[in-house]
Amino acid sequence: MEKKVPSIKTPLPGPEAQKVLALDRQFISPSYTRDYPMVAKRGEGVGVEDVDGNVFLDFAAGIAVVSTGHCHPDVVRAIQRQAETLIHMSGTDFYYPLLVQLAEKMAAITPGKFPKRVVFGNSGTEAIEAAIKMARYHTKRHRLIAFMGAFHGRTLGALSLTASKPVQRRGFGPLLSGVAHAPYPNPYRCPAGHRAPECLCDWVCTEFIENQLFRTAVPPDEVAAIVVEPIQGEGGYIVPPPSFLVKLRQMADRYGILLIFDEVQCGMGRTGKMWACEHSGVVPDILVTAKGIASGLPLGVAVARAELMDWGPGAHASTFGGNPVACAAALETIRLLEEKYVANAARMGEYIMGRLADWPHKHPLVGQVRGRGLMIGIELVKNQETREPDPEARHKVIERAFHQGLLVLGCGESTVRLMPPLIIEREHADIALEILDACLSEVEK
Ligand code: PLP
């Protein structure tokens, strides 16, 4: 992008953006959630230009999707080459090399040294559906355990696991039966009232499953799977204590339950390792990913222990899932992530966390800064003692940042999430943090 990033030239939304917004109001489903009127025209690297020529620094990355930045030239070339050769064939009924090449690669880069198989879809929610169906089919059990605050998608099976905001579920019931939700361990809001570092919240959460759910409402021998985000995304960028996944693994093994990790948002290098679960060394039975896998093309993947896919032809498939163009983009994305961008996410995450370390002292609005790699949350509170969330302040900060040329989104009740493309450099981080710093100070006034 030739223009400086960011550079804002018109009042926002500008005249061209207003035309699009008018049509959007007329034709697009009102169920979409937009925090501010950003109307994109083109993207390059960490920059996005809108239809009026304003340029934004993108710390939202299409909700953690453009892992290699906007229109990475190598990814664009891979897409162009593939589009000129074969756009679609349908892996459900035919064969093509890219499908097996990507499956082999996914089996190699996911945790666990055992034979694996892969099933493809087009989105996170579809990959979760595949995992749910596979777990039920293989175990011949129907129940599932998920967590409060979880987001696993919006199709009806995945929505039954999602428990992030009431609006996502209201009006759509009855959902899948047999789903129970347990508290997710949040050291900042420990369910036992402890305060870090002596927090026992992961113990409280696993105790809840074993000593309450399993002894009252949920026979463990009917539970097919525990589905969990290793770092909760939409629920607030919550990093659980490292022992949490270890305890879940032990519990799952005790009762013959499958452990499914939803790495749709926290996977593909975002946390400074290829998979968020690698930070705790725990290996799932099924790993689900999407978002950052193909730098913007639609692709969802569930990678499972090979023996779990004991279903036969026709049991599960998708016309578009694993489309050749998406596979080509994914293989190129993974090559770039492995070569340099996962390491960059670790490095830049450390740099940003270092710069944010004193914000809870400097800014009365900042309750906690947390995260791993380039999955960073800044939780805003009305009062640092009571830790009461401040969603209004969060909205104001995000909106002001937009007017200063920085794109960020919220998550949880009152957290600002930073999830830039994994290619960012120090100067981008410095600009973003300066803008956020100023916006926080303004809102604090
Ligand atoms: N799982 C997680 C952890 C997510 O963050 C999301 C989307 O935000 C999904 C699943 C659903 O993905 P999609 O929107 O691609 O269906």
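Remember, it's a predicted structure, so these values are computed and weren't measured experimentally.

Novice: Explain the overall build of the protein chain to me, please; I cannot follow it from the model alone.
Specialist: Along the backbone of the protein chain there are 13 helices and 16 strands. Judged by the C-alpha coordinates and their principal axes, the protein chain covers about 60 × 60 × 45 Å. Across the protein chain, every contact between residues at least 6 apart in sequence was considered, and the portion connecting residues at least 24 apart equals 73%. Of the roughly 19,400 Å² of accessible surface on the protein chain, a fraction of 54% belongs to carbon and sulfur atoms. Once the 48 positive and 49 negative side-chain charges of the protein chain are each reduced to a mean point, those two points are 1 Å apart.

Novice: Explanation requested: the pairing of strand S1 (residues 40-44) in the structure shown.
Specialist: In terms of strand pairing, S1 meets strand S2 (residues 47-50) through 4 bridges, oriented antiparallel. Along S2, the bridge assignment pairs Glu-44 with Gly-47.

Novice: Sorry if this is basic, but what is going on with the packing of aromatic side chains here?
Specialist: Two descriptors summarise a pair of aromatic rings, namely the distance from one centre to the other and the angle between the planes of the rings. Per the stated rule, a full pass over the model turns up 7 aromatic pairs. Relative to Tyr-184, the ring of Phe-147 lies with its centre 6.0 Å away and its plane at 80 degrees, an arrangement referred to as edge-to-face. Of this pair, Phe-147 sits in strand S5 (residues 143-147) while Tyr-184 is found in the loop between strand S6 (179-182) and helix H8 (201-213), placing the two residues 37 residues apart along the sequence. Residue classification places Phe-147 among the buried residues on the basis of a relative accessible area of 1%. We classify Tyr-184 as buried; its relative accessible area is 7%. A ring pair is formed by Tyr-184 and Phe-244, whose centres lie 5.5 Å apart and whose planes are at 75 degrees; its orientation type is edge-to-face. Taken as a pair, Tyr-184 in the loop between S6 and H8 and Phe-244 in helix H9 (residues 243-255) lie far apart in primary sequence, 60 residues in all. Of the two residues, Tyr-184 and Phe-244, neither departs from the other in class, the shared state being buried. Ring-pair connections join several aromatic residues into one group, and the members of that group are Tyr-36, Phe-56 and Phe-402. Taking the ring centre of Phe-114 as reference, the NZ or CZ of Arg-305 above it sits at 3.9 Å.

Novice: How should the domain arrangement of the protein chain be read in this particular structure?
Specialist: Interface size, as often reported, equals the accessible area lost upon joining of the parts. The domain architecture assigned to the protein chain consists of domain 1 (2-71 + 341-444) and domain 2 (76-337). Using C-alpha coordinates to define each centre, domain 1 is positioned 26 Å away from domain 2. For the pairing of domain 1 and domain 2, the buried interface totals around 3,000 Å² over both sides, and the portion due to carbon and sulfur atoms is 56%. The largest per-residue losses of area from domain 1 upon contact with domain 2 belong to Arg-372, Met-375 and Arg-387, which jointly make up 28% of the total buried on that side. For the interface between domain 1 and domain 2, the tally reads 2 salt bridges. The salt bridge partner of Glu-379 is Arg-189, with a shortest N-O separation of 2.5 Å.

Novice: I'm lost on the sheet that holds strand S3 (residues 55-58) in this one. Help?
Specialist: Across a sheet, strands are paired by hydrogen bonds formed along the backbone, either parallel or antiparallel in direction. As summarised here, the arrangement of the 4 strands in space is S1-S2-S3-S14, forming an open sheet in which the pairing is mixed. Lying at the two open borders of the sheet, with one neighbouring strand each, are S1 and strand S14 (406-407). One ladder, built from 2 bridges, connects S3 with S14; its direction is parallel. Residue pairing across strands places Asp-58 opposite Leu-407, the latter belonging to S14.

Novice: Help me out: how do you make sense of a nonpolar patch on the surface in this one?
Specialist: Where nonpolar side chains cluster on the molecular surface, the patch consists of Leu-23, Phe-27, Ile-28 and Tyr-32 and spans about 440 Å² of accessible area. In this fold, Tyr-32 is placed in the loop between helix H1 (15-27) and S1.

Novice: How should unusual backbone geometry be read in this particular structure?
Specialist: The linkage connecting Leu-12 with the following residue, Pro-13, adopts the cis geometry, with an omega of -5 degrees. Mapped onto the elements, Pro-13 comes out in the segment before H1. Cis geometry is found at the peptide bond from Gly-173 to Pro-174, where omega equals 0 degrees. Its place among the elements puts Pro-174 in the loop between helix H7 (166-169) and S6. Of note in this structure, Ile-63 is not a glycine but carries a positive phi near 55 degrees. When you line up the elements, Ile-63 lands in helix H2 (residues 61-64). The phi dihedral of Lys-291 falls on the positive side, at around 30 degrees, and the residue is not glycine.

Novice: Which parts of the structure should I look at to understand the side chain of Ser-67?
Specialist: Tracing the sequence through the fold places Ser-67 in the loop between H2 and helix H3 (73-85). Residue Ser-67 is classed as buried on the basis of its relative accessible area of 2%. Ignoring anything within four residues of it in the chain, the contact list for Ser-67 reads Gly-292, Ser-295, Thr-333, Leu-337, Pro-421, Leu-422 and Ile-423.

Novice: What am I meant to see in the packing of helix H4 (residues 97-109) against helix H10 (residues 324-356) here?
Specialist: Pairs of packed helices are described in terms of their axes, by the angle between the two and the distance that separates them. Where H4 contacts H10, the two axes come as close as 9 Å, and the packing angle between them is 35 degrees. Handedness of the H4/H10 crossing: left-handed. On H10, the residues that touch Leu-98, Leu-99, Gln-101, Leu-102, Lys-105, Met-106 and Ile-109 of H4 are Pro-324, Cys-327, Ala-328, Ala-330, Leu-331, Ile-334 and Glu-338. Classifying every residue of the contact of H4 with H10 gives 11 nonpolar, 1 polar and 2 charged.

The rules we used
Residues numbered from 1 in each chain as written. Predicted model: local features only at pLDDT ≥ 70, side-chain atom pairs only at ≥ 80, totals over all residues. Heavy atoms only, no water. Helix = DSSP H or I, 4+ residues; strand = E, 2+ residues; numbered from the N terminus. Contact = heavy atoms within 4.5 Å. Areas by Shrake-Rupley, 256 points an atom, 1.4 Å probe, with all protein chains shown as cover. Lys, Arg positive; Asp, Glu negative; His and termini not counted. Charge placed at Lys NZ, Arg CZ, Asp CG, Glu CD. Pairing = 2+ DSSP bridges. Phe/Tyr/Trp six-rings, centres within 6.5 Å; stacked < 30°, edge-to-face > 60°. Buried < 20%, exposed > 50% of the residue type's maximum accessible area, 1.4 Å probe, protein only. Lys NZ or Arg CZ within 6 Å of the ring centre and 35° of its normal. Domains from an automatic or database assignment. Buried area = accessible area lost by both parts, 1.4 Å probe. Salt bridge = Lys/Arg side-chain N within 4 Å of Asp/Glu carboxyl O. Patch = residues over 30% accessible without salt bridge, like charges linked within 9 Å, V, L, I, M, F, W, Y side chains within 5 Å. Axes fitted to C-alpha atoms, helices over the stretch in contact; angles between N-to-C directions. Left-handed = near helix turned anticlockwise from the far one by under 90°. Nonpolar A, V, L, I, M, F, W, Y, C, P; charged D, E, K, R; others polar.

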